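Secondary and tertiary structure notes
Chain by chain, the residues:
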Amino acid sequence: NHAPSYRMGDDELPPLEASLTKKSTLQEHLMWQLQLSTLDEADITIATRLIGNVNDDGYINATVLDDIALDHGLPTADVEWILEQIQSFDPIGVAARDLSESLLLQAEHYFPANETLHGVIENHLSNLEKRNYPPILHDLGINTEDLKAVLKLISSLEPKPGREFAPDD
């Protein structure tokens, strides 16, 4: 009284190549999310152009927004609004115009209540780079312990949000 045994024949198994997926590019990953978004047809056209201009590190050149706005006869603010929608996509910090904007997007996502962190990123990245701490401490009214905690958080953020999608060279 044996239960019947099922054995798949070799011809029923998918070929090995089918189970090895090609790593998608950053643009493909963003386009996939765009298709799932609630943007309308006209906004998707502009978003597609914006995504096409995101480089491998995950950044976009600010001048592109003006060019796209001009081509479509829109105010730059409308294109910026669409860019903000893309900036809400994964990876967090993508489609930023510079390091400060990327880090701020990440900080607001991962540490939404940390105003000190946001303030350091928004106003004091150049002071941080120069290790010029007194103006930061004074401006934000924090002590060195607070600053150390903020530095630790900043070091946990990704300066190149597109890195995980970069081609393996």
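Residues numbered from 1 in each chain as written. Predicted model: local features only at pLDDT ≥ 70, side-chain atom pairs only at ≥ 80, totals over all residues. Heavy atoms only, no water.

Quick notes on the packing of helix α6 (residues 99-110) against helix α7 (residues 115-129)
Relative orientation of the contacting elements α6 and α7 amounts to 175°, with a least axis distance of 9 Å. On the basis of the axis angle, α6 is roughly antiparallel to α7. In this structure, α6 uses Leu99, Ser100, Leu103, Leu104, Ala107 and Glu108 to contact α7, whose residues at the interface are Leu117, His118, Ile121, Glu122 and Leu125. Residue composition of the contact of α6 with α7, by class: seven nonpolar, two polar and two charged. (Axes fitted to C-alpha atoms, helices over the stretch in contact; angles between N-to-C directions. Helix = DSSP H or I, 4+ residues; strand = E, 2+ residues; numbered from the N terminus. Parallel < 35°, antiparallel > 145°, perpendicular 65-115°, else oblique. Contact = heavy atoms within 4.5 Å. Nonpolar A, V, L, I, M, F, W, Y, C, P; charged D, E, K, R; others polar.)

Some points on α7
An ideal rise of 1.5 Å per residue puts 21 Å on 15 residues; α7 measures up with 20 Å between its terminal C-alpha atoms. Along α7, the sharpest kink reaches roughly 75°, centred on Asn123. Where α7 is buried, its residues contact α6, α8 (134-140) and α9 (144-155). Looking at the residues trailing α7, positive phi occurs at Arg131, about 55°. (Expected span 1.5 Å × (residues − 1). Bend = angle between axes of the 7 residues up to and from the residue.)

A closer look at the pattern of salt bridges
The tally for this structure, following the rule as stated, stands at five salt bridges. With a shortest N-O distance of 2.9 Å, Arg49 and Asp71 are connected by a salt bridge. Of this pair, Arg49 sits in helix α3 (residues 41-52) while Asp71 sits in helix α4 (residues 63-72); the two residues are 22 residues apart in sequence, bridging distant segments of the chain. The partly exposed category is assigned to Arg49, whose relative accessible area is 31%. (Salt bridge = Lys/Arg side-chain N within 4 Å of Asp/Glu carboxyl O. Buried < 20%, exposed > 50% of the residue type's maximum accessible area, 1.4 Å probe, protein only.)

From the geometry alone we can't say anything about function, so treat these as descriptive.
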